[in-house]
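Structural characterization, general
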Amino acid sequence: FLNFKKKYEDHNLENLKPINPSRITAEAAISLITNQLKDTINIGIIGLGSIGFRIARELYEQNINLNIYSKNKEVTSKKIEYLKLINTNLMTADIQLLDNISQICEKSDLVFTCSSQDKILTENNLSKINNIPNEIIDIGKNNLTIEAINFCIKNNIKISTLDIGNQLIKEI
C-alpha cells in the first residue's frame, strides 16, 4: 500500500483526462470516415443515443447532410432542434428525421448503426429499396442480422465494425 501511495503522489495528475466511452467511440467513427467526408455524401444514423448524437453533432458541424432514425421520435426531434440551435457553421446542412430504417438505407450513402438493440438492420430493410448504401458501419452490438450481412455481401455493400483501439491509445 505504501509503495502504491508513493507512486500516486509522484505522478502529476493535472494532465489526466477522464475517459468517456461515448466520446471515444464517436471520435473513432468520425476519423474512420474523414476521407469520405470530402465528397458530398448523405449519412444515415440509426439510433440517436449518446454515441449517435455525438456523431450527428460532429458531422452536422462539418456541413454533412444527415438522415436520422430513432425509435423515440419525440426525443429525437428535440435533439435535432438542439443540433440546429448550436450549429455555428454558416452553411447549413440538412437533417431529416425519417420514419423507418429502410428510408435511412435508401437515402444514405453511408449508414452508422448506433443502436443498443441487436439485429435492427434486416435483409427486409435493404431488399425493398431502390438505392442501397455504399457502406454500413456497425457501431452498436450486432445491429445487422446474418441475412442482412449476406445481402450486403451479395450486393457489394461494404460492412465495417468500429475498432476504437487507436482512439484509446491517443487518450493515453
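Our subject is the structure that appears above.
This write-up is about the structure you can find in this document. What you are looking at is a predicted structure, and each value in this text was computed from that prediction instead of being measured. Numbers given for residues are sequential positions, taken from 1 along each chain in its written order. Only residues with pLDDT of at least 70 get local features here, since the model is predicted, and only at 80 or more are side-chain atom pairs given and counted; chain-wide, interface and lining totals rely on the full set of residues. Side-chain metrics in this entry use all non-hydrogen atoms of the structure; hydrogen atoms and water are not considered.

Before going further, it helps to spend a moment on the nonpolar core. The nonpolar side chains of soluble globular proteins are, as a tendency, buried together. I43, I45, I55, L59, L66 and F112 are the most contacted members of the largest nonpolar core, which has 27 residues in total. Put simply, DSSP marks the helices as runs of H or I at least four residues long and the strands as runs of E at least two long, and each gets a number from the N terminus on. Contributing elements (two or more residues each) for this core: α2 (21-33), β1 (42-46), α3 (50-61), β2 (65-69), α4 (73-86) and β4 (110-113). If we skip the residues at most four places from it in the chain, I45 touches G52, I55, A56, L66, N67, I68, Y69, I104, F112 and C114. Buried Ala, Val, Leu, Ile, Met, Phe, Trp, Tyr and Cys residues form a nonpolar core when they are joined through side-chain atoms within 4.5 Å. Any residue under 20% of the maximum accessible area for its type is buried, any over 50% is exposed, and the rest in between are partly exposed; the area is computed with a 1.4 Å probe on protein chains only. Within the second largest apolar cluster, 17 residues are counted, among which are I46, Y69, L98 and V111. The contact definition used throughout considers only heavy atoms, calling two residues in contact when any of these lie within 4.5 Å.

So, about the packing of α3 against α4. Orientation is described by axes fitted as lines to C-alpha atoms, over the contacting stretch for helices, and by angles from 0 to 180 degrees between their N-to-C directions. Remark: α3 packs on α4, axes separated minimally by 10 Å, with the N-to-C direction vectors making an angle of 35°. Read as a crossing pair, α3 and α4 show a hand that is right-handed. Packed against α3, whose contacting residues are F53, A56, R57 and Y60, the element α4 presents K79, Y82, L83, K84 and I86 at the interface. Residues that form the contact of α3 with α4 fall into these classes: six nonpolar, no polar and three charged. In a left-handed crossing the near helix is turned counterclockwise from the far helix by less than a right angle, and in a right-handed crossing that turn is clockwise. Nonpolar residues are Ala, Val, Leu, Ile, Met, Phe, Trp, Tyr, Cys and Pro. Charged residues are Asp, Glu, Lys and Arg, and all others, Gly as well, are polar.

Our next topic: α4. One less than the residue count of a helix, multiplied by 1.5 Å, gives the span that helix is expected to have. End to end, α4 covers 20 Å across 14 residues, agreeing with the expected 20 Å (1.5 Å per residue, within 8%). Taken residue by residue, α4 has T76, I80 and L83 as its buried positions. Within α4, the buried residues cover an arc of 55° as seen down the axis, which keeps them to one side. Away from its buried face by more than 90 degrees, α4 exposes E74, K78 and L85. The inward-facing, buried residues of α4 contact α3, β2 and β3 (95-97). Think of the arc as the fan of directions from the helix axis to the C-beta atoms.

Now for helix α7 (residues 146-154). Structural remark: α-helix, 3.6 residues per turn; residues separated by three or four positions point the same way. Regarding α7, the residues found buried are A148, F151 and C152. Projected down its long axis, α7 carries its buried residues within an arc of 100°, all on one side. Those residues of α7 that are exposed and angled more than 90 degrees off the buried face are I146, I153 and K154. Contacts from the buried residues of α7 go to α6 (123-127), β5 (135-138) and β6 (158-161). Count one or two residues on from α7 and you reach N156, which has phi positive near 55°.

What counts as a disulfide here is a pair of cysteine sulfur atoms lying within 2.5 Å. Following the criterion strictly, the structure yields zero disulfides and no others. Looking at C105, it has no disulfide partner, and the nearest cysteine sulfur is the one in C152, 8.1 Å off. Since its relative accessible area comes to 0%, C152 is described here as buried.

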